[in-house]
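# Structure at a glance
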Amino acid sequence: MTDVTQLLRAIDNGDSKSAAQLLPLVYDELRRLAASKMAHEPAGQTLQATALVHEAWLRLTGGGDVQFSGRAHFFGAAAEAMRRILIDRARSKAAQRHGGGMARQDLDQIEIAAPLPNDELLALNDALEQLAAQDPQKAELVKLRFFAGLTIEQAADTLGISEPTAKRWWAYARAWLFDKCRPEK
Amino acid sequence: MKSEPDAASASREESVFNGALALPPEQRAAFMDSACGADAPLRARVDALLRAYGQSNGFLESSPRLTGPAATEISTMPGTEGPGDLIGPYKIREKLGEGGCGIVYVAEQSEPVRRRVALKVIKLGMDTRTVIARFEAERQALAMMDHPNIAKVLDAGTTANGRPYFVMELVRGIKITDYCDQHNLGTEERIRLFISVCHAVQHAHQKGIIHRDIKPSNILVTLHDSVPVPKVIDFGIAKATEGRLTNQTVYTQLYEFIGTPAYISPEQAEMSGLDIDTRSDIYSLGVLLYELLTGKTPFNSQELIDAGLDAMRRTIREKEPVAPSTCLSLMVDADLTATAKRRRSEAPRLVHLIKGDLDWIVMKAMEKDRTRRFETANALAADLHRFLTNEPVEARPPNNLYRLRKMIRRNRTTFAAISGIVAALILGLGVSLNLYFKEKDALRRTVQVEEEKRKEVEARLEMERKDRQFAEIGQKLWQAGVLMSQDRMADAENMIQDVPLIPQVAALYNVIGVVYARNGKLDAAITNYIKAATAQPTNEFFFDYLLPLLAQQHRYDEFSQWRRTALDRFAQTSDPALAERLALSCLLLPASDEETRRIITMLDTTASTPPRPAAELAGGLAEYRQGQFKRAAARLEPVVDNQQNTNAQNQARLILAMAKAKLAQPGRPDTVKQNEVFLHGPDWNEQMITAVLAREAENIGR
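Residues numbered from 1 in each chain as written. Chains lettered and ligands numbered in written order. Predicted model: local features only at pLDDT ≥ 70, side-chain atom pairs only at ≥ 80, totals over all residues.

### Looking at the overall build of chain A
Regarding its fold elements, chain A presents eight helices and two strands. Counting over 185 residues, chain A shows a buried share of 42%. At a minimum sequence separation of 6, the contacts of chain A that also span at least 24 residues come to 70%. (Helix = DSSP H or I, 4+ residues; strand = E, 2+ residues; numbered from the N terminus. Buried ≥ 20, exposed ≤ 12 C-beta atoms within 10 Å, placed from the backbone. Contact = placed C-beta atoms within 7 Å.)

### Considering the overall build of chain B
Regarding its fold elements, chain B presents 33 helices and ten strands. Taking all 702 residues of chain B together, the buried fraction comes to 40%. Partitioning the contacts of chain B with sequence separation of at least 6, the portion at a separation of at least 24 is 63%.

### Thoughts on helix α11 (residues 278-294) of chain B
Residues and elements named next belong to chain B. Taking 1.5 Å per residue as the helical rise, α11 with its 17 residues ought to reach 24 Å, and the 25 Å between its terminal C-alpha atoms agrees with that figure. In terms of residue burial, α11 counts as a mostly covered element, since 17 of its 17 residues are buried. Of the residues flanking the end of α11, it is Gly-295, one or two places downstream, whose phi is positive at about 80 degrees. (Expected span 1.5 Å × (residues − 1).)

### Observations regarding the environment of Pro611(B)
Topologically, Pro611(B) is positioned in the loop between α29 (593-605) and α30 (613-625). Among the residues examined, Pro611(B) registers 14 C-beta atoms within 10 Å and is labelled partly exposed.

### Re the environment of Leu350(B)
Residue and element names in this part refer to chain B. In this fold, Leu-350 is placed in helix α16 (residues 347-354). Along the sequence, Leu-350 and Leu-293 sit 57 residues apart, while their C-alpha atoms lie 9.2 Å from each other. Those residues in contact with Leu-350 that lie beyond four places of it in its chain are Leu-328, Ala-340, Arg-343 and Ser-345.

### What about the sheet that holds strand β10 (residues 227-232) of chain B?
All names here are of chain B. As summarised here, the arrangement of the three strands in space is β8-β9-β10, forming an open sheet in which the pairing is antiparallel. Edge positions in the sheet fall to β8 (174-175) and β10, since each has one partner strand and no second. Direction of pairing for strand β9 (residues 219-224) relative to β10: antiparallel, over a ladder of six bridges. Bridged to Thr-222 within β10 is Val-229. Packing against the sheet, helix α7 (residues 187-206) makes contact with β9 and β10, and its axis sits at approximately 35 degrees to β10. (Pairing = 2+ DSSP bridges. Axes fitted to C-alpha atoms, helices over the stretch in contact; angles between N-to-C directions.)

### Quick look at α16(B)
An α-helical turn contains 3.6 residues, so a residue and the one three or four places further along point in the same direction. Residues and elements named next belong to chain B. When we look at burial in α16, the residues that qualify are Leu-350, Val-351, Leu-353 and Ile-354. Each buried residue of α16 lies within a common arc of 160 degrees when the element is viewed along its axis, so the set occupies one face. In this structure, α16 carries Pro-348 and Arg-349 as exposed residues pointing more than 90 degrees from its buried face. Among the structural elements, α7, α11, α14 (324-329), α15 (333-342) and α17 (357-365) are those in contact with the buried residues of α16. (Arc of directions from axis to C-beta.)

### Let's talk about the nonpolar core
The tendency in soluble globular proteins is for nonpolar side chains to be buried as a group. Residues and elements named next belong to chain B. Among the nonpolar cores identified, the biggest contains 82 residues, and Leu-285 and Ala-365 are the most heavily contacted of them. Both domain 2 (82-99 + 101-169) and domain 3 (175-396) contribute no fewer than three residues apiece to this core. Contacts of Leu-285, omitting those with residues within four sequence positions, involve Cys-198, Val-201, Ile-214, Ala-365, Ala-377 and Leu-380. In terms of nonpolar packing, the next biggest core, distinct from the first, is built from 74 residues, Tyr-509, Ala-551, Ala-614 and Ala-657 among them. (Core = buried A, V, L, I, M, F, W, Y, C linked by C-beta atoms within 7 Å. Domains from an automatic or database assignment.)

### So, the packing of α30(B) against helix α32 (residues 646-662) of chain B
Residue and element names in this part refer to chain B. Put simply, α30 and α32 touch, their axes get as near as 10 Å, and they point 25 degrees apart. Classified by the angle between their axes, α30 and α32 sit roughly parallel to one another. The way α30 lies across α32 gives a crossing that is left-handed. Contacts between α30 and α32 pair Pro-613, Ala-614, Leu-617, Gly-620, Leu-621 and Tyr-624 from the former with Ala-648, Gln-651, Ala-652, Ile-655, Met-658 and Ala-659 from the latter. Within the contact of α30 with α32, the residues separate by chemical class into ten nonpolar, two polar and no charged. (Parallel < 35°, antiparallel > 145°, perpendicular 65-115°, else oblique. Left-handed = near helix turned anticlockwise from the far one by under 90°. Nonpolar A, V, L, I, M, F, W, Y, C, P; charged D, E, K, R; others polar.)

### A few points about unusual backbone geometry
Leaving glycine out, the prevailing phi sign among residues is negative, and the prevailing peptide bond configuration is trans. Phi at Asn184(B) takes a positive value of approximately 45 degrees, unusual for a residue other than glycine. As for its placement among the helices and strands, Asn184(B) is situated in the loop between α6 (176-182) and α7.

### Some remarks on the pairing of β9(B)
Residue and element names in this part refer to chain B. When β8 meets β9, the two strands line up antiparallel, connected through two bridges. Its bridge partner being in β9, Lys-175 is matched across the sheet by Leu-220. Joining the antiparallel neighbours β9 and β10 is a turn of two residues, in which Asp-225 adopts a positive phi near 50 degrees.

### Some words on the confidence of the model for chain A
For chain A, per-residue confidence averages 73 on the pLDDT scale, and 68% of positions sit at 70 or higher. For residues 98-109 of chain A, every residue scores under 50 in pLDDT, and the model assigns this stretch 13 contacts once sequence neighbours within four places are set aside. (pLDDT = per-residue confidence, 0-100.)

### Observations regarding the environment of Met144(B)
By the secondary structure assignment, Met144(B) is in helix α5 (residues 128-144). Sequence separation between Met144(B) and Ile209(B) is 65 residues; the distance between their C-alpha atoms is 10.0 Å.

### Concerning the confidence of the model for chain B
All names here are of chain B. Within chain B, residue pLDDT values average 77, and 73% of them lie at 70 or more. The lowest-confidence element of chain B is helix α4 (residues 71-76), averaging 30 in pLDDT; the highest-confidence one is α11, averaging 94. Predicted confidence for residues 1-5 stays below pLDDT 50, and this span has three contacts to residues more than four positions away or in other chains. The low-confidence segment residues 68-79, where pLDDT is below 50, has 17 contacts with residues more than four positions distant or belonging to other chains. Our summary of model confidence lists the complex with pTM equal to 0.44 and ipTM equal to 0.76.

### Some points on the packing of α17(B) against helix α18 (residues 377-388) of chain B
All names here are of chain B. Here α17 crosses α18 at 175 degrees, and the two axes come no closer than 10 Å. As the angle between them shows, α17 and α18 are arranged roughly antiparallel. Every residue of α18 that contacts α17 at Asp-357, Leu-358, Ile-361 and Ala-365 is listed here: Leu-380, Asp-383, Leu-384 and Phe-387. Split into classes, the residues belonging to the contact of α17 with α18 amount to six nonpolar, no polar and two charged.

Okay, here's the thing in structure tokens:
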């Protein structure tokens, strides 16, 4: 049994310390995976966030028999980790553009082809934090969908809600976030 | 800055938003008027959200991608190659198509011969040197391939951008599945076309070449003098380009590149990368045949991809697809009618045509365990040929025992819960299958003796009919087993409802009975045990469960009736264990003098010295039933003192208490409380016996 499998099991038994340990592990693995992939792949290779998250899942848990709730914890952590990676990346780029020279980081060789420009990604992140304060579950749904690339179905499963509910939440959250991010348009 | 709405108004806002969204746009204004009333801020917020919703098309719909540094350079290069460009000695003309792993062009070759060829440039993300090296390794073998249904691979090389390319015989055709549908080919014509494909694959296999990526887009149909000729393309390319599927980065790569996971064999899905042989192609051929017959693949590619990689691999490795005819029957009417029409048939006829032989052939080609597939592509073709000429096919449904084993393997955890019973189940089925095969052999021998040609044919047909019938029953039993493994007992019960009460079903009724009993549904348990005992009257275990259940449920008439049946069947036994258990169950309720005598005789003839506690317990109860309370007490005292068996001890204690009460001895000794019964243990029927006795003891004490 891997460390992560053990952690997932502990979280399932209500151990909040383990929950705190899970995120950094997943975060490191995703960063490491992304960096090593990009370093060793030929030019032009692109990698979907979804694929990255799934590979991290397989690597960290061996893809073995993890309780269903364990999966939910994992994908929640992975979505949060992806969010941090992308946002850190967008921030450091913004800082560079404004003349803040920084030491190169391992992820600097990686372009993030987010479907949003950097400033919009940062705006989205702020809006998402506001949404999380008001309605944490919908914010979680957005994270799972957008940052971990889960389908509506998988996200519904992970959150333990029905698919129609997830679709309704998704429509609402998207409109809400869009309204916050691009109020002028 | 707008003030943030508090939680309550946020949820109000959300429900109005959802309500409006569910309506067609023209009705929304009226809805908003009534839903928001005078609440202008709410109205403004929801209006803004609806506006945002209208504009947000595509927003957040695709998740981020990570891209290597050079990607932008290359993608901004105006067209990596195009008409007029030279790749090696080949001049590009027009683009022919674009697939998951590359772009295909029509190209012109001038040396050594002037001809047109197909040139496939593999997409980015591959190690060119490895690809070319792999291709070179197989080049000799590829050159040996010469078959009218195979497009030859002529050459390979590296483009100026460093990407690998392959040159092939130019085939201007369309995907085999599209061809069949566009021309409304009937099932038989489809099969004939498919047989040619099998022969082509066989040819390659004989030259030592495995295709590894057989799927409709790699089989093109062209017309030669208006005769359709299928051509298999891309031989040797999958092998050369598969390197990326074998190292540790396998998962993401597969995720990115594979277009049609529906065609991947279980061993390819395993992706150990080492052990792929010709039988993987047989599997893919099976999937192709499935799609030609039904218009669908056994697993939906998109669903496979959406499920994520580990689920995808598990599905391909473990999930048993439904048979083609079942797949058709499961379609909605309109789809089925359209599918049948594309095959110049009607819905019921199409299903009927495919059910049976074709189902078996397809399922045999698609076996998870490759040793159970057709040995060669030719064998698959030959069986199809047999089908077309109405000869009996060789593909047969796998026998039930094998299916059951597989099912148990797949559902190990669920099955563990009822593992003890599963052993009985397999045993029961195994024994009865054995009988069946013996019967079948006997029939075959009879046929041989009778010699006459006509009779032989008739007998064979009869055998086939029996086979089929048995296969159908087997299918039901198997499905019931699956339902049971999912704890869907009522559905399982329904599934086998109209299966005749042959010995094979007894084991299933037994399992259903146990589960009901343990869940406290005693009458439902009885119904199933009665069926089990009817189906397999030679199994004395069923009476051990049935009789206590009937006694517990106050169903005395049936108790007497089944007691008589049990005694008629087993009273002559010489097995002491059987005698003791049966005697105890039968005596749970007072019997007639004659029956009591039979029980005592049964106990006496199997008695041993020193007496076994179980025999003494049953004997004690027999004495009690005859009014011999002192003798009963004398036999039961040692059983109460015996620490070996708590159930027997409890039961003896209860009968002893009753005997002492009858003897008017003062005080009621320690009775066992009736509600101390736990049906969940493996010995639930013992505990039920205790409960029945406890009830009787309680009534005497009153």
